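Below, each chain spelled out in residue letters.
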Amino acid sequence: MEETITLAGKEYEIRKSARRKRITVGIDASGAYFIGAPANCSADTLRKTLSKEIETIIARVEKRIGDIPQPREFREGELLYFRGVQYPLRWVSDTSAPIFQFDGYSFLLRSDARGSEAELLGRWYARRLFDRLRETLPAWTKRLKVAPTTVHVKNVRTLWGSCSSKNSITFCTRLALVPDDLFEYVVIHELTHLLHMNHSPAFWAEVARHIPDYKERRTKLRKNGQNYKWW
């Protein structure tokens, strides 16, 4: 069950991580307000730390990211990303057609699937990402000489990937939407955490050894990340 805290009349989800060193406040791609905190940080500590400044902090966050993204309407012709390319959504009236498919040119949803668009797309993207990881991970794990214990695909909306202290890696379903260069950056980033469980100079040096332009890719992912969602 998710842990929440209410500050200045607004509810925030508390998202803890053993790798996090500082408290952060943000708004994710779904419009949910959250507080990122170290694993050992209690709700009382967060309340004491943030109560006086939370309104100023969140105002800065809202100004920086602009308006909170609104849910998709899934209109005919609306564009959706897959591997960095946008494809239109088409509604199909033929009830004998598959309820959802991608034909290489369009996302085709049957008319009676209205209301389930996000769920159908999410499942499809997860399968495509799993296939993509199965194709690419063996070569990169061999090159970096690492071996994750498990690899998961989950719709973790505020993270592109994560690596646990038990060497388990999780990739966000949204990676199915990004261009190949950004996908590669996230994969190498998380695999490198199997060597360095931090963001130390040694960590970034290892990342740079495999993708020298990682700074440019990281900037592009941060700048355009909000575009890569289907809900």
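Summarised in this report is the structure supplied together with it. Predicted model, so just to flag it, every value in this text is computed and none were measured.

Reading the values: the criteria
- Residues numbered from 1 in each chain as written.
- Predicted model: local features only at pLDDT ≥ 70, side-chain atom pairs only at ≥ 80, totals over all residues.
- Heavy atoms only, no water.
- Pairing = 2+ DSSP bridges.
- Helix = DSSP H or I, 4+ residues; strand = E, 2+ residues; numbered from the N terminus.
- Core = buried A, V, L, I, M, F, W, Y, C linked by side-chain atoms within 4.5 Å.
- Buried < 20%, exposed > 50% of the residue type's maximum accessible area, 1.4 Å probe, protein only.
- Axes fitted to C-alpha atoms, helices over the stretch in contact; angles between N-to-C directions.
- Contact = heavy atoms within 4.5 Å.

## Focus: the pairing of strand 6 (residues 85-92)
Phase 1: In the sheet, strand 5 (residues 79-82) pairs with strand 6 via four bridges, with the strands oriented antiparallel. If you follow Tyr81 over to strand 6, its bridge partner there is Gln86.
Phase 2: Hairpin remark: strand 5 followed by strand 6, antiparallel, with two residues in the connecting loop; positive phi at Arg83, about 55 degrees.
Phase 3: Bridge count between strand 6 and strand 8 (residues 107-110): four bridges; the pairing is parallel. Looking at the pairing, Trp91 lines up with Leu109 of strand 8.

## Description of the nonpolar core
Phase 1: Membership of the largest hydrophobic core comes to 46 residues, with the highest contact counts inside it found for Phe107, Leu121, Tyr125, Phe171, Leu175 and Leu191.
Phase 2: Those elements giving two or more residues to this core turn out to be strand 5, strand 6, strand 8, helix 3 (117-144), strand 11 (168-172), helix 4 (180-192), helix 5 (201-210) and helix 6 (214-224).
Phase 3: In terms of residues, this core owes the most to one element, helix 3, which gives nine residues.
Phase 4: Membership of the second largest hydrophobic core comes to 16 residues, among which are Ile5, Leu7, Ile14 and Ile57.

## Details of the sheet that holds strand 11
Phase 1: With respect to topology, three strands assemble into an open sheet ordered 9-11-10, the strand pairing being mixed. At either end of the open sheet lies a strand with only one pairing partner, and these are strand 9 (150-154) and strand 10 (161-163). This sheet shows a mean twist of 15 degrees between the axes of neighbouring strands, independent of strand direction.
Phase 2: In the sheet, strand 10 pairs with strand 11 via three bridges, with the strands oriented antiparallel. Residue pairing for strand 11: Gly161 is matched across the bridge by Phe171.
Phase 3: In the packing of helix 3 onto the sheet, contacts are made with strand 9 and strand 11, and the angle to strand 9 comes to roughly 150 degrees.
Phase 4: Sitting on the sheet, helix 4 touches strand 10 and strand 11, and the angle it makes with strand 11 is about 160 degrees.

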